[in-house]
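Spelled out from the first residue to the last, the chains are:
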Number of protein chains: 2
Amino acid sequence: MINREDLAALDKADPLANLHDRFELPDGVIYLDGNSLGPLPKNVPARVAEVVQRQWRDDLIRSWNIHDWDRLPLSVGDRIAPLIGAGPGEVLVGDSTSVNLFKLMAAALELRPERKVIVSQSGNFPTDIYLAEGLIRQLGDGHELRLVDGDDVLGAIDDDVALVSLTQVDYRSGHLQEMANVTHRAHDAGALMLWDLSHSAGVMTVDLAGAGADFAVGCSYKYLNGGPGAPAYLYVARHLQDQMRQPLSGWHGHAAPFEFETHYRPAPGIVRQRCGTPSVIGMSVLDAALDVFDDLDMAAVRAKSQALTGHFIDLVEQRCGGHGFTLATPRDPACRGSQVSWHHENGYPIMQALITGCVIGDFRSPDILRFGFAPLYLRYVDVWDAVTVLQRVLADGSWDRPEYHARAAIT
Amino acid sequence: MINREDLAALDKADPLANLHDRFELPDGVIYLDGNSLGPLPKNVPARVAEVVQRQWRDDLIRSWNIHDWDRLPLSVGDRIAPLIGAGPGEVLVGDSTSVNLFKLMAAALELRPERKVIVSQSGNFPTDIYLAEGLIRQLGDGHELRLVDGDDVLGAIDDDVALVSLTQVDYRSGHLQEMANVTHRAHDAGALMLWDLSHSAGVMTVDLAGAGADFAVGCSYKYLNGGPGAPAYLYVARHLQDQMRQPLSGWHGHAAPFEFETHYRPAPGIVRQRCGTPSVIGMSVLDAALDVFDDLDMAAVRAKSQALTGHFIDLVEQRCGGHGFTLATPRDPACRGSQVSWHHENGYPIMQALITGCVIGDFRSPDILRFGFAPLYLRYVDVWDAVTVLQRVLADGSWDRPEYHARAAIT
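Reading guide: rules and limits
Residues numbered from 1 in each chain as written. Chains lettered and ligands numbered in written order. Predicted model: local features only at pLDDT ≥ 70, side-chain atom pairs only at ≥ 80, totals over all residues. Pairing = 2+ DSSP bridges. Helix = DSSP H or I, 4+ residues; strand = E, 2+ residues; numbered from the N terminus. Least-squares fit on C-alpha atoms with pLDDT ≥ 70 in both. Expected span 1.5 Å × (residues − 1). Buried ≥ 20, exposed ≤ 12 C-beta atoms within 10 Å, placed from the backbone. Contact = placed C-beta atoms within 7 Å. Domains from an automatic or database assignment. Nonpolar A, V, L, I, M, F, W, Y, C, P; charged D, E, K, R; others polar. Right-handed = clockwise from strand over helix to strand, strands pointing away.

### A look at the sheet that holds strand β12 (residues 339-343) of chain A
All names here are of chain A. A sheet is described by the order of its strands in space; here four strands give the open sequence β11-β12-β15-β14, paired in antiparallel fashion. The sheet terminates laterally at β11 (326-327) and β14 (362-364), the two strands that pair on one side only. Alignment of β14 against strand β15 (residues 368-372), held across three bridges, turns out to be antiparallel. Directly across from Phe-363, in β15, lies its bridge partner Leu-369.

Pasting the structure below:
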């Protein structure tokens, strides 16, 4: 049995403990939803003021040259690269995860013209599936999205498959895929491999190069703390960059965009993945948010993440047993990301009561309470204190109020 | 012959004169590049602080409900609608102009499955052409982009044409298309019509409904002053919204995005044009920037625009005649947008000397000096003063310095 003092001792010994002060967190709030929207890094407001009130206001259009606005998609990408096992010039920031999925899936089908199948999981994040559906529907001509249950992916990869598209950490269960193994199996069958890192980058070691992955996408407003609707990123392995084309061939992906040539010529390298004008303010916010990752030991981040999630599982079972929770997340820390999810028939109202009690997680249909653990700003005692609130709302039945059962527009 | 006093008198009588104070403009700068990047509206920094330092910081993930973040693409779109002759629910903000072009061009080809041609102008803004090329290349199967010279558009619209895609105001010459006439000719031939409003919205009356246009896109960082890389917008005429599909079918365009269903179901209306998570900070900046357009008489804006550009043409010819400028813009004010462009063999170094002299316009290959006139923050005397600087750099030859001949990365 662990107690709060044990956890306080872990905080004292935590090499990452000082990072907590780099974030603005509202007083009293225990924030377990960094996998939906990371909190505000303290250095962001100054950077926003610099971009808006100095660069934009004073230097106006000249800022594209003076302040290297045009390089932001590449320079910010190069800062994300070490977090995901990519090299310089392999990561580009811009557009949304959804748009980037479309670019890479379309490019993959073109790289494997004799194959017409994309394999994914039925439990993949919906937008990953929806974009594949949109592409398949647009192309027609026998193209197919083959959706399989979680355990059946490897068996579904055959000679018809052009691309396997998976999310590294399942947004509902927190299950962590075996990236290297699945990638090798895809390659063995002649298929390309795309990973969505939205729920993994920033809280664990990710090694795209080590796995030999071809493509990746990811969202920067979750564990990278880039702010609401922050620009997403994409990865293309260097050896594929110059042989692939993507259909969103906007002017910023042109070899010479400011020559205003009549016909498209793709830029070399990752630049041909660019499309329209980059969102300078959003990219600048993300750039500032990434400061906290400079020289960070991601193995230490992963170790703390596993400890936080492990203690949370133990403490919920220790202190809230008998209340009907079923663990939805792998118990083996090597098999889960940085979240813990529980099935519960009253998951929705219980989560609303927790939020009222200043423990913010989220609910995912049909019955999942989801708690994200971001090692950069969470303390070990937060785990204890969150479970204390959970224990209370269960014990006093305060979750069972009509207002907690009424669904919000966005859950 | 007009003089500075005449122009000062026009400023005194200008019903829009007070709007100048709604913008931050650096001291001494005459800003004639609002068609590349509009200046900072004074109310934007407070709105940014509200979004970043209150909504994001304090309300975190709950802001999606509390602060209606999720409605921004629609609510900001509804504020652009009256500027372009659209109704409520016909304009959506999000993604880049380039991405939106792809969505609408792909949807148009699907609405006319028996036709395989997109018609555009070889002088259209490059990204409009490049995206059509990307789509055509992706689809193959006989699809074709038919690029014609400016005057030949009407003759190129035949029974094979699915879509005519044009920009209302030419980014180089400032030539204004006859929107209603071209749209009717496209419809007569059974084609759909898409307008790019990037160089027209915000400086003139635009009437998409009156012209019967099917689709439009536009950029918000030019004359709408939405900030660098601000989110773009798109328009779909109401009667087409529910019968069309676009391939970038991201989760935010789903009928029930937070139900996380396995398969895509398009939302009704304009919402199915959404794709990924909206860029909340960028949309909030744009939302604030649009305040200046509330209850604005766009006919008065157009009248001032025509007067500013007319005086500029007259004064350059009056005061800088014999220096080799050839007018690239229609002399008839009814046929031009809100810019004046001149051909000049030394256009690039002359523009650099002007910028050093605090008159900011821009250069467009191969030989065009381009001056944008935004009636909301420009004064009539600015026209005189800009020409004074031009007269000086021509008279003293100060434009002919080596440093002014060296091209910047972005021109």
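Right, picking up where we left off after that structure.
### Thoughts on the relation of the copies chain B and chain A
For the pair chain B and chain A, the relating rotation is 180°, the translation along its axis is 0.0 Å, and the fit reaches an RMSD of 0.0 Å. These values place the two chain copies in the arrangement generated by a two-fold rotation axis.

### Some words on helix α12 (residues 298-319) of chain B
Residues and elements named next belong to chain B. With 22 residues, α12 extends 31 Å from end C-alpha to end C-alpha; this agrees with the ideal 32 Å at 1.5 Å per step. Within α12, burial applies to Met-298, Val-301, Lys-304, Ser-305, Leu-308, Thr-309, His-311, Phe-312, Ile-313, Leu-315 and Val-316. Considering only its buried residues, α12 is in contact with α1 (4-13), β11 (326-327), β12 (339-343), β15 (368-372) and α14 (380-395).

### Overview of the domain arrangement of chain A
Residue and element names in this part refer to chain A. Along its sequence, chain A is organised into domain 1 (4-31 + 297-405) and domain 2 (47-293). Placing a centre on the C-alpha atoms of domain 1 and another on those of domain 2 gives a separation of 30 Å. Contacts between the two partners involve 22 residues from domain 1, matched on the other side by 14 residues from domain 2. In terms of residue class, the side of domain 1 that touches domain 2 is made up of twelve nonpolar, six polar and four charged.

### With respect to the pairing of strand β5 (residues 117-121) of chain B
Residues and elements named next belong to chain B. Burial analysis of β5 places five of its five residues in the buried class, the great majority of the element. Side chains of β5 alternate between two faces, with Val-117, Val-119 and Gln-121 and Ile-118 and Ser-120 buried alike. Direction of pairing for β5 relative to strand β6 (residues 144-148): parallel, over a ladder of five bridges. Considered in β6, the bridge of Gln-121 is made with Val-148. The handedness of the β5 to β6 crossover, carried by helix α6 (residues 126-139), is right-handed.

### Considering α6 of chain B
In a regular helix each residue adds 1.5 Å, so 14 residues correspond to 20 Å; α6 of chain B covers 20 Å between its end C-alpha atoms and thus fits that length. With twelve of 14 residues buried, α6 of chain B lies mostly within the body of the structure. Along α6 of chain B, the residues that are buried comprise Pro-126, Thr-127, Asp-128, Ile-129, Tyr-130, Leu-131, Ala-132, Glu-133, Gly-134, Leu-135, Ile-136 and Gln-138 of chain B. Residues of α6 of chain B that are buried make contact with α5 (97-111) of chain A together with α5 (97-111), β5, β6, β7 (161-167) and β8 (192-196) of chain B. Two residues or fewer past α6 of chain B, Gly-140 of chain B is found with a positive phi of approximately 55°.

### Quick look at the interface of chain B and chain A
Between chain B and chain A, the contact holds 74 residues from the first and 74 residues from the second. The element contributing the most residues to the side of chain B that touches chain A is α6 of chain B, with ten residues. In terms of residue class, the side of chain B that touches chain A is built from 38 nonpolar, 24 polar and twelve charged.

### Focus on the pairing of β15 of chain A
Each regular strand shows side chains that alternate between the opposite faces of the sheet. Residues and elements named next belong to chain A. Burial analysis of β15 places five of its five residues in the buried class, the great majority of the element. The two faces of β15 match: Ile-368, Arg-370 and Gly-372 on one face and Leu-369 and Phe-371 on the other face are all buried. Both β12 and β15 contribute to a ladder of five bridges, which runs antiparallel. Looking across to β15, one finds that Trp-342 is bridged to Leu-369. In sequence, β14 turns back onto β15 through a hairpin of three residues.

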